[in-house]
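# Commentary on secondary and tertiary structure
Chain residues, written in single-letter form:
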Amino acid sequence: MRRRLIAAATVVAAAIACAHPAAADMAHSTLVSTDPVDYTPHVMDGTVWSMAVIGDTVVVGGAFTKVTDSTRRTTFARKNLFAFDLHDGAIRTFAPQVDGAVYSLAAGPDGTVYAGGAFKTVNGAAQRGLTRLTLGGQRISSFAARIGWGDVRALQARGSRLYAAGTFQTINGVNRAGLARVNAISGAVDTGFDARLTAPGLARTRVEHFDISPDGRRLVAVGALLRASGYDRTQIAMFDVAGPSAQLSSWYTDAYKPQCMKGFDTYLRQVKFSPDGSYFVVAATGRASSPDRLCDSAARFEVAGSGRHNPTWVQRTGGDSLYALAVTGSAVYLGGHQRYFDNPYGSDAKGPGPGAVARPGIGAVSSSTGRALSWNPTRKRGVGVRVFIALPEGLLVGSDTDELGREFHGRVGLFPMR
């Protein structure tokens, strides 16, 4: 185990420009180390679902009740939200009270953070599903956005606008199925922005995740959706969001029309643009193994061009789910409860197929070919990684298990740059 001293980490981090992006992953010229830093705190139960970086503070959201420092000698009561110092792991006083899981976080203006999830109250006040907080843990009451029912699963702030996605069907009483845009300060719904998502025949329309291109012009949403603005769009749709409305793009793919295991209204779990915005990658579950379907896979799609698109490449695990990804240009990091990469002909029943390589719980693939790279830190698989954030300092990871890089790391880890 390579020991990384706090003082050394602080010096290195200070030497790197720390203008952390609001949403898009940071471009990296090389792979990160396979040895996570030793100073991150530990979440001792539940699941970490989301992270956001505001200056030198990492805010962590999920469904948990107990956090310790890196030594595991001091325990802090933190329910579903906490924060720590990016450079030395010190746990902050940030401890707002929310009565449900936090699934999504986004950096806000003036050193604040947006939180979305399944909660109904914040610090004792009614505020369902969506809130804005100071880093002191106070609820900003002037931000008045509230969902009607359901939850918020993804957030991104861009200038004066905040985008939210999830299982909700209304915000502030305005009908918005699964995807909405609100004023970043007041929380008022942008009435000119309506993606008109529907899912005929499914129990409900929901957006599992979305990403916005680095230039802010395009939004790709994935989830339980079958139509957008009146046109067929199975599980994935792209919009032009540069203007006042959500203009459906002519870009589409039929790659996710074939069903996986019965019972999945959507098997797509996360989507991320590349740092240059020229392509994006989708991570999927599906509980099925097939060399001719995109179940339990990651797939790259090019942005350019109109009409139908097929994937540039597909990485198949052979029947194990992928839930999270980060796209850094030099690599695509993938996390889930997978056992193998390069495994299109493998399955739970038959085991790994020809050419399969072991990548338990976490791994990286080439952004150009989709083939497994040698990066193989390993992690206890559990259900899976839920969030990656690529930063100048390295790669943050949040999950539901306590082993990362063959070391104890309770649900939070940071792989530093080499």
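Criteria and cut-off values
- Residues numbered from 1 in each chain as written.
- Predicted model: local features only at pLDDT ≥ 70, side-chain atom pairs only at ≥ 80, totals over all residues.
- Heavy atoms only, no water.
- Pairing = 2+ DSSP bridges.
- Helix = DSSP H or I, 4+ residues; strand = E, 2+ residues; numbered from the N terminus.
- Axes fitted to C-alpha atoms, helices over the stretch in contact; angles between N-to-C directions.
- Salt bridge = Lys/Arg side-chain N within 4 Å of Asp/Glu carboxyl O.
- Buried < 20%, exposed > 50% of the residue type's maximum accessible area, 1.4 Å probe, protein only.
- pLDDT = per-residue confidence, 0-100.
- Contact = heavy atoms within 4.5 Å.

Per an unreviewed UniProt entry, the recorded name for the protein chain is PKD domain containing protein, and the organism is Paractinoplanes abujensis.

### Topic: the sheet that holds strand β13 (residues 161–166)
Read from one edge of the open sheet, three strands run β12-β13-β16, paired in antiparallel fashion. Each edge of the open sheet is held by one strand with a lone partner, namely β12 (152–158) and β16 (179–183). Strand-to-strand, the axes of this sheet are offset by a mean angle of 20°, without reference to chain direction. Judged from the six bridges that link them, β12 and β13 form a sheet pairing that is antiparallel. Bridge pairing in β13 links R158 to R161.

### Topic: the pattern of salt bridges
Pairing between side chains of opposite charge can happen when the charged atoms of each approach one another. Scanning the model with the defined rule gives 19 salt bridges in all. Across the pair D400 and R379 runs a salt bridge whose closest N-O atoms are separated by 3.5 Å. Of this pair, D400 sits in the loop between β34 (394–398) and β35 (403–404) while R379 sits in the loop between β32 (362–365) and β33 (387–391), and the two are 21 residues apart along the sequence. By relative accessible area, which is 14% here, D400 ends up buried. Three or more residues are tied together by salt bridges with common partners; here these are D151, R153, R206, E208 and D265.

### Examining the sheet that holds β33
Taken together, three strands build an open sheet; the order of strands is β33-β34-β37 and the sheet is antiparallel. Each edge of the sheet is formed by a strand with only one pairing partner; in this case those strands are β33 and β37 (412–416). Strand-to-strand, the axes of this sheet are offset by a mean angle of 15°, without reference to chain direction. Sheet topology places β33 next to β34; five bridges connect them, and they run antiparallel. When the sheet's bridge partners are listed, A390 is paired in β34 with L395.

### With respect to the side chain of Q156
Along the chain, Q156 turns up in strand β12. According to the relative accessible area criterion, Q156 is buried, its value standing at 6%.

### Re the confidence of the model for the protein chain
Mean pLDDT over the protein chain works out to 94, with 94% of the residues at or above the 70 mark. Here residues 1–22 is modelled with pLDDT under 50, and outside its nearest four sequence neighbours on either side it reaches 36 contacts, counting other chains as well.

### Description of the pairing of strand β29 (residues 332–336)
Of all five residues in β29, five are buried; the element is thus mostly enclosed. By the alternation rule, side chains of β29 split into V332, L334 and G336 and Y333 and G335, which are all buried. Both strand β28 (residues 322–327) and β29 contribute to a ladder of five bridges, which runs antiparallel. In the strand pairing of β29, A326 is matched with Y333. Remark: four residues form the turn of the hairpin made by β28 and β29, two consecutive strands paired antiparallel; G329 in that turn has positive phi of roughly 90°. Sheet analysis places β29 next to β32, joined by four bridges and oriented antiparallel. Along β32, the bridge assignment pairs L334 with G363.

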